[in-house]
Amino acid sequence: MTGAAIRVSEIFGPTIQGEGVLIGQPTVFVRTGGCDYRCSWCDTLHAVDSEHREQWQPMSVEEIWMEVRRLSGGVPLTVSLSGGNPAIQPLGPLIDRGHGEGYRFALETQGSVARDWFADLDVLVVSPKPPSSGMETDFAKLDECLAMAAGMTVLKIVVFDDRDYAYAKDMAGRYPALPVYLQPGNHTPPPPDDESATVDIDGVMNRMLWLVDKVTGDKWFDARVLPQLHVLLWGNRRGV
């Protein structure tokens, strides 16, 4: 039941989910350390860059769960498993532990590593990375991730420019059964050790308006366009 140690960057909350299908929902976050991608605009480098691995604490399922229960006061809510790429961590036993007490689990991943325990998630958010990230999508691996899911499954795609927008439309065409959430990219992500770094909110909102115009102009009425609510509320602060 305890399983292997899980590398944890931070555990925080309760706060609200700031993006995607669960936006606004009270949540405790378990952010794991490590990632198999290095996106050019990554906003969580403290959980991605191996230079910060000394800050990633190996924790047992029980240690993590006691902290989640402490933060939530023992009242079941949604636990968001994030990273980095949380799919590279052995999270199956943690999901089993929480489900036994009535908690729900959502996980966001780029879709590069498939796990059989994806079938135990309440929500799987697959966020393939568009051209602006500098990463390339392996569609065979992405398909494998989607095939593992049994609960609610959605696509969430960050959009910076026309190429990203075209990529998002292509993804929607490839997976027409999946709801698509579009998010304007933040071109001012924080350095790993500077949560006070300034966010260009005006620039992000201008991109949001541009994205709304693109979607409505194309009559792409199945897409959902949402901001990063936590950035609008708290900027680059961590732990909120």
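What counts as what
Residues numbered from 1 in each chain as written. Predicted model: local features only at pLDDT ≥ 70, side-chain atom pairs only at ≥ 80, totals over all residues. Heavy atoms only, no water. Phe/Tyr/Trp six-rings, centres within 6.5 Å; stacked < 30°, edge-to-face > 60°. Helix = DSSP H or I, 4+ residues; strand = E, 2+ residues; numbered from the N terminus. Buried < 20%, exposed > 50% of the residue type's maximum accessible area, 1.4 Å probe, protein only. Lys NZ or Arg CZ within 6 Å of the ring centre and 35° of its normal. Contact = heavy atoms within 4.5 Å. Core = buried A, V, L, I, M, F, W, Y, C linked by side-chain atoms within 4.5 Å. Pairing = 2+ DSSP bridges.

The next point concerns the packing of aromatic side chains. In the structure shown here, the tally under the stated rule is seven aromatic pairs. With 4.6 Å between their ring centres and 80° between their planes, W65 and Y103 make a pair best called edge-to-face. One end of the pair, W65, is in helix α1 (residues 61–72); the other, Y103, is in the loop between α2 (92–99) and β5 (104–109), with 38 residues separating them in the sequence. Of the two residues, W65 and Y103, both sit in the buried class. Seen from their ring centres, Y165 and W220 are 5.8 Å apart, and the 70° between their planes marks the pair as edge-to-face. Here Y165 is found in helix α4 (residues 162–174), whereas its partner W220 is found in the loop between α5 (201–217) and β9 (223–225), with 55 residues between them in sequence. Each member of the pair, Y165 as well as W220, is classed as buried. Here the aromatic residues W65, Y103 and F105 are joined through ring pairs into a cluster of three or more. A cation over an aromatic ring shows up here: R174 above the ring of F139, its NZ or CZ 3.7 Å from the ring centre.

Its place among the elements puts T32 in strand β2 (residues 26–32). Once residues lying within four places of it in the same chain are set aside, the contact partners of T32 are I6, R7, V8, S9, A47, S82, G83, G84, N85, P86, Q89 and L91.

Ranked by size, the top nonpolar core spans 48 residues in total, and within it L81 and L182 carry the most contacts. Those residues in contact with L182, other than ones at most four positions away along the chain, are I157, V159, A168, L211, V215, W220, A223, R224, V225 and L226. Grouped together as the second largest cluster of nonpolar side chains are eight residues, C42, L45, V158 and F160 included.

Turning our eyes to something else, we now look at the pairing of strand β1 (residues 6–16). Examined bridge by bridge, β1 and strand β3 (residues 57–59) share three bridges and lie antiparallel to one another. From the neighbouring strand, V8 faces β3, where its bridge partner is Q57. Where β1 lies against β2, six bridges are found, and the strand directions are antiparallel. Counted as the bridge partner of F12 is F29 from β2.

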